Amino acid sequence: MAKVAFLGLGVMGYPMAGHLKAKGGHEVTVYNRTAAKAVAWVKQHGGRAAATPREAAAGQDFVFVCVGNDDDLRQVVLGADGALAGMVAGSILVDHTTASADVARELHAAAGEAGVGFVDAPVSGGQAGAENGVLTVMCGGDLSAYARAEPVIAAFARMCRLMGPAGSGQLTKMVNQICIAGLVQALSEGVAFGQKAGLDVEAVIEVISKGAAQSWQMENRYKTMNAGQFEFGFAVDWMRKDLSICMAEARRNGARLPVTALVDQFYSDVQAMGGSRWDTSSLVARLK
Ligand code: NAP
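This structure is a prediction, so every number in the text was calculated from the model and none was measured.

The rules behind these values
Residues numbered from 1 in each chain as written. Predicted model: local features only at pLDDT ≥ 70, side-chain atom pairs only at ≥ 80, totals over all residues. Heavy atoms only, no water. Helix = DSSP H or I, 4+ residues; strand = E, 2+ residues; numbered from the N terminus. Rg over C-alpha atoms; globule rule 2.2 N^0.38 Å. Buried < 20%, exposed > 50% of the residue type's maximum accessible area, 1.4 Å probe, protein only. Contact = heavy atoms within 4.5 Å. Near = heavy atom within 4 Å. Areas by Shrake-Rupley, 256 points an atom, 1.4 Å probe, with all protein chains shown as cover. Nonpolar A, V, L, I, M, F, W, Y, C, P; charged D, E, K, R; others polar. Domains from an automatic or database assignment. Buried area = accessible area lost by both parts, 1.4 Å probe. Salt bridge = Lys/Arg side-chain N within 4 Å of Asp/Glu carboxyl O. Polar contact = N/O pair within 3.5 Å; in protein donor to acceptor, adjacent residues only side chain to side chain.

A. Region of interest: the overall build of the protein chain. Looking only at helices and strands, one finds 13 helices and nine strands in the protein chain. The globule rule puts the C-alpha radius of gyration for 288 residues at 19 Å, and the 20 Å found for the protein chain is close to it. Its C-alpha atoms put the protein chain at 65 × 45 × 35 Å along the principal axes. Residue burial in the protein chain is summarised as follows: out of 288 residues, 49% are buried. Sequence separation of 24 or more characterises 68% of the internal contacts of the protein chain that already satisfy a separation of 6 or more.

What follows is the structure, encoded as C-alpha coordinates:
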(Lines give C-alpha, C1' and ligand atoms only; values in the text may rest on other atoms or scores of the structure.)
Protein backbone atom coordinates (compact mmCIF):
# COMPACT_ATOMS: atom_id res chain seq x y z
CA MET A 1 0.00 0.00 0.00
CA ALA A 2 1.37 3.42 -0.99
CA LYS A 3 0.42 7.04 -0.44
CA VAL A 4 -0.59 8.43 -3.83
CA ALA A 5 -2.04 11.59 -5.33
CA PHE A 6 -3.97 11.76 -8.60
CA LEU A 7 -4.17 15.11 -10.43
CA GLY A 8 -6.78 15.48 -13.20
CA LEU A 9 -10.09 13.64 -12.81
CA GLY A 10 -11.28 13.74 -16.42
CA VAL A 11 -12.79 10.96 -18.52
CA MET A 12 -9.59 8.96 -17.98
CA GLY A 13 -8.26 10.17 -14.63
CA TYR A 14 -11.47 9.74 -12.64
CA PRO A 15 -11.74 5.95 -13.11
CA MET A 16 -7.93 5.46 -12.99
CA ALA A 17 -7.79 7.13 -9.57
CA GLY A 18 -10.74 4.96 -8.54
CA HIS A 19 -8.81 1.78 -9.37
CA LEU A 20 -5.80 2.97 -7.32
CA LYS A 21 -8.12 3.13 -4.31
CA ALA A 22 -10.46 0.18 -4.85
CA LYS A 23 -8.17 -2.34 -6.57
CA GLY A 24 -4.71 -1.14 -5.48
CA GLY A 25 -5.79 -0.47 -1.90
CA HIS A 26 -3.70 2.73 -1.86
CA GLU A 27 -4.28 5.83 0.22
CA VAL A 28 -5.45 8.32 -2.45
CA THR A 29 -5.58 12.12 -2.44
CA VAL A 30 -7.13 13.75 -5.52
CA TYR A 31 -6.90 17.18 -7.11
CA ASN A 32 -9.04 18.56 -9.94
CA ARG A 33 -9.03 22.12 -11.32
CA THR A 34 -12.85 22.12 -11.23
CA ALA A 35 -13.21 21.21 -7.57
CA ALA A 36 -16.71 19.71 -7.90
CA LYS A 37 -15.27 16.63 -9.65
CA ALA A 38 -12.85 16.02 -6.78
CA VAL A 39 -15.70 16.36 -4.29
CA ALA A 40 -17.76 13.84 -6.29
CA TRP A 41 -14.78 11.43 -6.47
CA VAL A 42 -14.24 11.54 -2.70
CA LYS A 43 -17.96 11.00 -2.13
CA GLN A 44 -17.83 7.91 -4.35
CA HIS A 45 -14.48 6.44 -3.30
CA GLY A 46 -13.42 7.96 0.04
CA GLY A 47 -9.91 9.39 0.36
CA ARG A 48 -9.19 13.12 0.41
CA ALA A 49 -9.38 16.09 -1.97
CA ALA A 50 -6.73 18.83 -2.01
CA ALA A 51 -7.06 22.45 -3.15
CA THR A 52 -3.86 22.64 -5.23
CA PRO A 53 -1.51 20.19 -6.99
CA ARG A 54 1.20 21.11 -4.48
CA GLU A 55 -1.04 20.33 -1.51
CA ALA A 56 -2.16 17.04 -3.08
CA ALA A 57 1.44 16.01 -3.81
CA ALA A 58 2.88 16.85 -0.38
CA GLY A 59 4.34 13.81 1.35
CA GLN A 60 3.13 11.27 -1.24
CA ASP A 61 5.11 8.25 -2.48
CA PHE A 62 3.65 8.62 -5.98
CA VAL A 63 1.95 11.46 -7.84
CA PHE A 64 -0.08 10.59 -10.95
CA VAL A 65 -1.12 13.21 -13.51
CA CYS A 66 -3.62 12.96 -16.39
CA VAL A 67 -4.46 16.37 -17.88
CA GLY A 68 -4.87 17.72 -21.44
CA ASN A 69 -1.72 18.89 -23.22
CA ASP A 70 1.87 20.11 -22.71
CA ASP A 71 0.86 23.50 -21.28
CA ASP A 72 -1.70 21.98 -18.89
CA LEU A 73 0.96 19.57 -17.71
CA ARG A 74 3.47 22.36 -17.05
CA GLN A 75 0.80 24.27 -15.10
CA VAL A 76 0.00 21.31 -12.87
CA VAL A 77 3.59 20.13 -12.30
CA LEU A 78 5.79 23.25 -12.31
CA GLY A 79 5.46 26.60 -10.52
CA ALA A 80 4.77 27.65 -6.95
CA ASP A 81 1.53 25.64 -6.60
CA GLY A 82 2.65 22.78 -8.86
CA ALA A 83 3.09 19.16 -7.82
CA LEU A 84 6.89 19.25 -7.82
CA ALA A 85 6.92 22.01 -5.21
CA GLY A 86 5.21 19.63 -2.78
CA MET A 87 6.98 16.37 -3.62
CA VAL A 88 9.69 14.95 -1.39
CA ALA A 89 13.01 13.51 -2.61
CA GLY A 90 12.69 9.81 -3.38
CA SER A 91 9.06 10.03 -4.54
CA ILE A 92 7.91 9.37 -8.12
CA LEU A 93 5.89 11.43 -10.60
CA VAL A 94 3.98 9.43 -13.24
CA ASP A 95 2.42 11.34 -16.13
CA HIS A 96 -0.45 9.72 -18.09
CA THR A 97 -1.19 12.78 -20.27
CA THR A 98 -0.66 12.32 -24.01
CA ALA A 99 1.96 15.03 -24.54
CA SER A 100 5.20 15.70 -26.45
CA ALA A 101 8.43 13.81 -25.85
CA ASP A 102 10.05 17.22 -25.28
CA VAL A 103 7.88 18.05 -22.28
CA ALA A 104 8.55 14.57 -20.88
CA ARG A 105 12.31 15.23 -21.06
CA GLU A 106 11.79 18.69 -19.54
CA LEU A 107 9.82 17.28 -16.60
CA HIS A 108 12.27 14.40 -16.16
CA ALA A 109 15.07 16.99 -15.76
CA ALA A 110 13.04 19.22 -13.40
CA ALA A 111 12.03 16.22 -11.29
CA GLY A 112 15.64 14.97 -11.22
CA GLU A 113 16.80 18.29 -9.76
CA ALA A 114 14.34 17.78 -6.90
CA GLY A 115 15.46 14.16 -6.37
CA VAL A 116 12.11 12.96 -7.73
CA GLY A 117 11.78 10.11 -10.25
CA PHE A 118 9.75 10.72 -13.42
CA VAL A 119 7.95 8.30 -15.76
CA ASP A 120 6.10 9.47 -18.89
CA ALA A 121 3.30 6.95 -19.19
CA PRO A 122 0.64 7.76 -21.82
CA VAL A 123 -2.16 5.24 -22.14
CA SER A 124 -4.25 3.55 -24.81
CA GLY A 125 -7.58 1.79 -24.41
CA GLY A 126 -9.94 4.75 -24.14
CA GLN A 127 -12.67 5.49 -21.63
CA ALA A 128 -13.76 1.85 -21.47
CA GLY A 129 -10.17 0.73 -20.86
CA ALA A 130 -9.85 3.21 -17.99
CA GLU A 131 -13.21 2.23 -16.48
CA ASN A 132 -12.45 -1.49 -16.72
CA GLY A 133 -8.84 -1.05 -15.53
CA VAL A 134 -7.35 -2.66 -18.64
CA LEU A 135 -5.28 0.16 -20.16
CA THR A 136 -2.09 -0.27 -22.15
CA VAL A 137 0.62 1.94 -20.59
CA MET A 138 3.73 2.94 -22.57
CA CYS A 139 6.51 4.24 -20.36
CA GLY A 140 9.71 6.24 -20.63
CA GLY A 141 12.20 7.01 -17.89
CA ASP A 142 14.81 5.48 -15.62
CA LEU A 143 14.53 1.79 -14.78
CA SER A 144 14.67 2.44 -11.02
CA ALA A 145 11.65 4.80 -11.08
CA TYR A 146 9.75 2.59 -13.52
CA ALA A 147 10.30 -0.57 -11.44
CA ARG A 148 8.77 1.12 -8.40
CA ALA A 149 5.85 2.62 -10.34
CA GLU A 150 4.86 -0.49 -12.31
CA PRO A 151 3.14 -2.41 -9.46
CA VAL A 152 1.07 0.70 -8.63
CA ILE A 153 0.14 1.33 -12.30
CA ALA A 154 -0.98 -2.33 -12.40
CA ALA A 155 -4.22 -1.28 -10.65
CA PHE A 156 -5.55 0.04 -14.00
CA ALA A 157 -3.34 -1.62 -16.63
CA ARG A 158 -3.42 -4.83 -18.61
CA MET A 159 -0.07 -4.09 -20.28
CA CYS A 160 2.68 -1.84 -18.97
CA ARG A 161 6.21 -1.64 -20.36
CA LEU A 162 9.31 0.55 -20.17
CA MET A 163 10.18 1.53 -23.76
CA GLY A 164 13.40 3.49 -23.11
CA PRO A 165 14.62 6.77 -21.57
CA ALA A 166 12.38 9.78 -20.78
CA GLY A 167 10.12 10.61 -23.72
CA SER A 168 10.01 7.01 -25.03
CA GLY A 169 6.50 6.44 -23.68
CA GLN A 170 5.27 9.50 -25.58
CA LEU A 171 7.11 8.41 -28.76
CA THR A 172 5.44 4.98 -28.50
CA LYS A 173 2.03 6.63 -28.09
CA MET A 174 2.77 8.65 -31.27
CA VAL A 175 3.26 5.38 -33.16
CA ASN A 176 -0.08 4.22 -31.72
CA GLN A 177 -1.91 7.35 -32.97
CA ILE A 178 -0.23 7.21 -36.40
CA CYS A 179 -1.42 3.59 -36.78
CA ILE A 180 -4.98 4.52 -35.77
CA ALA A 181 -5.39 7.64 -37.99
CA GLY A 182 -5.11 6.00 -41.40
CA LEU A 183 -6.95 2.91 -40.21
CA VAL A 184 -10.04 4.85 -39.11
CA GLN A 185 -10.17 6.65 -42.47
CA ALA A 186 -10.00 3.30 -44.30
CA LEU A 187 -12.72 1.88 -42.05
CA SER A 188 -14.86 4.97 -42.74
CA GLU A 189 -14.44 4.54 -46.49
CA GLY A 190 -15.38 0.84 -46.17
CA VAL A 191 -18.52 1.57 -44.17
CA ALA A 192 -19.59 4.44 -46.51
CA PHE A 193 -18.91 2.27 -49.58
CA GLY A 194 -20.94 -0.60 -48.13
CA GLN A 195 -23.87 1.73 -47.48
CA LYS A 196 -23.75 3.13 -51.06
CA ALA A 197 -23.54 -0.42 -52.42
CA GLY A 198 -26.78 -1.25 -50.62
CA LEU A 199 -25.18 -3.92 -48.44
CA ASP A 200 -26.19 -4.83 -44.91
CA VAL A 201 -23.12 -3.17 -43.34
CA GLU A 202 -23.53 -4.94 -39.99
CA ALA A 203 -23.49 -8.31 -41.78
CA VAL A 204 -20.50 -7.24 -43.88
CA ILE A 205 -18.47 -6.32 -40.79
CA GLU A 206 -19.51 -9.47 -38.92
CA VAL A 207 -17.99 -11.44 -41.79
CA ILE A 208 -14.87 -9.42 -42.60
CA SER A 209 -13.96 -8.86 -38.95
CA LYS A 210 -13.20 -12.58 -38.83
CA GLY A 211 -10.66 -12.10 -41.63
CA ALA A 212 -7.57 -10.01 -42.37
CA ALA A 213 -9.37 -6.64 -42.15
CA GLN A 214 -10.06 -7.07 -38.42
CA SER A 215 -9.06 -4.27 -36.02
CA TRP A 216 -9.98 -2.86 -32.60
CA GLN A 217 -11.60 0.11 -34.35
CA MET A 218 -13.66 -2.19 -36.57
CA GLU A 219 -14.85 -4.42 -33.72
CA ASN A 220 -15.63 -1.55 -31.34
CA ARG A 221 -16.91 1.14 -33.69
CA TYR A 222 -18.68 -0.35 -36.72
CA LYS A 223 -22.17 -0.34 -35.20
CA THR A 224 -22.05 3.32 -34.15
CA MET A 225 -20.38 4.36 -37.43
CA ASN A 226 -23.12 2.64 -39.41
CA ALA A 227 -25.75 4.32 -37.23
CA GLY A 228 -24.06 7.76 -37.41
CA GLN A 229 -23.60 8.02 -33.61
CA PHE A 230 -20.52 9.85 -32.36
CA GLU A 231 -21.41 11.47 -29.03
CA PHE A 232 -18.97 9.42 -26.95
CA GLY A 233 -15.38 8.13 -26.90
CA PHE A 234 -12.10 9.83 -27.85
CA ALA A 235 -12.70 13.42 -28.96
CA VAL A 236 -11.62 14.75 -32.36
CA ASP A 237 -10.01 17.77 -30.63
CA TRP A 238 -7.79 15.41 -28.62
CA MET A 239 -6.90 13.43 -31.75
CA ARG A 240 -5.83 16.60 -33.59
CA LYS A 241 -3.69 17.52 -30.56
CA ASP A 242 -2.05 14.08 -30.74
CA LEU A 243 -1.53 14.21 -34.52
CA SER A 244 0.08 17.64 -34.30
CA ILE A 245 2.51 16.22 -31.72
CA CYS A 246 3.28 13.33 -34.13
CA MET A 247 3.87 15.68 -37.06
CA ALA A 248 6.12 18.02 -35.04
CA GLU A 249 8.21 15.02 -33.97
CA ALA A 250 8.35 13.74 -37.57
CA ARG A 251 9.64 17.12 -38.76
CA ARG A 252 12.53 16.63 -36.34
CA ASN A 253 13.30 12.96 -36.97
CA GLY A 254 12.68 12.97 -40.74
CA ALA A 255 9.87 10.37 -40.74
CA ARG A 256 7.29 10.82 -43.49
CA LEU A 257 3.62 10.90 -42.44
CA PRO A 258 1.63 11.69 -45.62
CA VAL A 259 -1.55 9.80 -44.67
CA THR A 260 -1.45 11.02 -41.07
CA ALA A 261 -1.20 14.64 -42.30
CA LEU A 262 -4.14 14.12 -44.66
CA VAL A 263 -6.32 12.51 -42.01
CA ASP A 264 -5.51 15.42 -39.68
CA GLN A 265 -7.04 17.72 -42.32
CA PHE A 266 -10.08 15.43 -42.56
CA TYR A 267 -10.49 15.84 -38.80
CA SER A 268 -10.47 19.63 -39.29
CA ASP A 269 -13.48 19.11 -41.62
CA VAL A 270 -15.21 17.20 -38.81
CA GLN A 271 -14.49 20.08 -36.41
CA ALA A 272 -16.05 22.49 -38.97
CA MET A 273 -19.13 20.22 -38.99
CA GLY A 274 -19.47 20.80 -35.22
CA GLY A 275 -17.79 17.52 -34.28
CA SER A 276 -14.97 18.72 -32.01
CA ARG A 277 -16.14 16.46 -29.16
CA TRP A 278 -17.30 13.59 -31.39
CA ASP A 279 -15.49 10.26 -31.26
CA THR A 280 -12.65 9.84 -33.79
CA SER A 281 -14.77 7.35 -35.75
CA SER A 282 -16.79 10.40 -36.97
CA LEU A 283 -14.46 10.56 -40.02
CA VAL A 284 -17.25 8.60 -41.71
CA ALA A 285 -19.63 11.57 -41.26
CA ARG A 286 -17.68 13.77 -43.72
CA LEU A 287 -18.08 11.11 -46.45
CA LYS A 288 -21.87 11.49 -46.43
P1 NAP B 1 -10.78 15.33 -20.12
O2 NAP B 1 -11.96 14.49 -19.78
O3 NAP B 1 -10.98 16.58 -20.92
O4 NAP B 1 -10.07 15.72 -18.73
C5 NAP B 1 -8.95 16.56 -18.68
C6 NAP B 1 -8.57 16.73 -17.21
O7 NAP B 1 -7.42 17.58 -17.13
C8 NAP B 1 -9.66 17.40 -16.38
O9 NAP B 1 -9.61 16.87 -15.08
C10 NAP B 1 -9.23 18.87 -16.41
O11 NAP B 1 -9.72 19.60 -15.32
C12 NAP B 1 -7.73 18.70 -16.31
N13 NAP B 1 -7.00 19.87 -16.82
C14 NAP B 1 -6.89 20.26 -18.10
N15 NAP B 1 -6.13 21.35 -18.20
C16 NAP B 1 -5.77 21.68 -16.93
C17 NAP B 1 -4.97 22.70 -16.37
N18 NAP B 1 -4.40 23.64 -17.14
N19 NAP B 1 -4.81 22.72 -15.03
C20 NAP B 1 -5.39 21.78 -14.25
N21 NAP B 1 -6.14 20.76 -14.73
C22 NAP B 1 -6.33 20.72 -16.05
O23 NAP B 1 -9.65 14.50 -20.88
P24 NAP B 1 -9.39 12.91 -20.88
O25 NAP B 1 -10.22 12.28 -21.94
O26 NAP B 1 -9.43 12.38 -19.48
O27 NAP B 1 -7.88 12.90 -21.43
C28 NAP B 1 -6.78 13.22 -20.58
C29 NAP B 1 -5.49 12.90 -21.34
O30 NAP B 1 -5.49 11.50 -21.68
C31 NAP B 1 -5.32 13.68 -22.65
O32 NAP B 1 -3.95 13.99 -22.82
C33 NAP B 1 -5.82 12.69 -23.69
O34 NAP B 1 -5.23 12.93 -24.97
C35 NAP B 1 -5.35 11.37 -23.09
N36 NAP B 1 -6.11 10.18 -23.53
C37 NAP B 1 -7.47 10.21 -23.57
C38 NAP B 1 -8.16 9.06 -23.99
C39 NAP B 1 -9.67 9.04 -24.06
O40 NAP B 1 -10.22 8.10 -24.67
N41 NAP B 1 -10.38 9.99 -23.49
C42 NAP B 1 -7.45 7.91 -24.36
C43 NAP B 1 -6.07 7.91 -24.26
C44 NAP B 1 -5.40 9.07 -23.86
P45 NAP B 1 -11.21 20.25 -15.36
O46 NAP B 1 -12.15 19.19 -14.88
O47 NAP B 1 -11.14 21.42 -14.46
O48 NAP B 1 -11.47 20.67 -16.81
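B. A look at the site of the ligand. Close contacts around the ligand come from 25 residues, with Asn32, Thr34, Lys37, Gly68 and Lys241 the closest. Relative to its free-state accessible area of 910 Å², the ligand is covered by the protein chains to the extent of 91%. The class makeup of the residues in the shell around the ligand is nine nonpolar, 10 polar and six charged.

C. A look at the domain arrangement of the protein chain. When the domains of the protein chain are assigned, the result is domain 1 (3–165) and domain 2 (171–287). In this structure, domain 1 and domain 2 have C-alpha centres spaced 28 Å apart. Counting the surface lost from both domain 1 and domain 2, the interface buries some 1000 Å², and carbon and sulfur atoms represent 60% of this. When the area that domain 1 buries against domain 2 is broken down by residue, the three leading residues are Thr98, Ala101 and Met138, summing to 36%. Remark: the boundary between domain 1 and domain 2 carries one salt bridge. Linking Arg252 and Asp102 is a salt bridge whose minimum nitrogen-to-oxygen distance equals 3.5 Å. There are three residue pairs in polar contact (both at pLDDT 80 or more) connecting domain 1 and domain 2. Going through the elements one at a time, helix H6 (101–113) and strand E7 (123–124) are the ones with two or more residues in the side of domain 1 that touches domain 2. For the side of domain 1 that touches domain 2, the element with the most residues is H6, which contributes three residues. In terms of residue class, the side of domain 1 that touches domain 2 is made up of six nonpolar, six polar and two charged.

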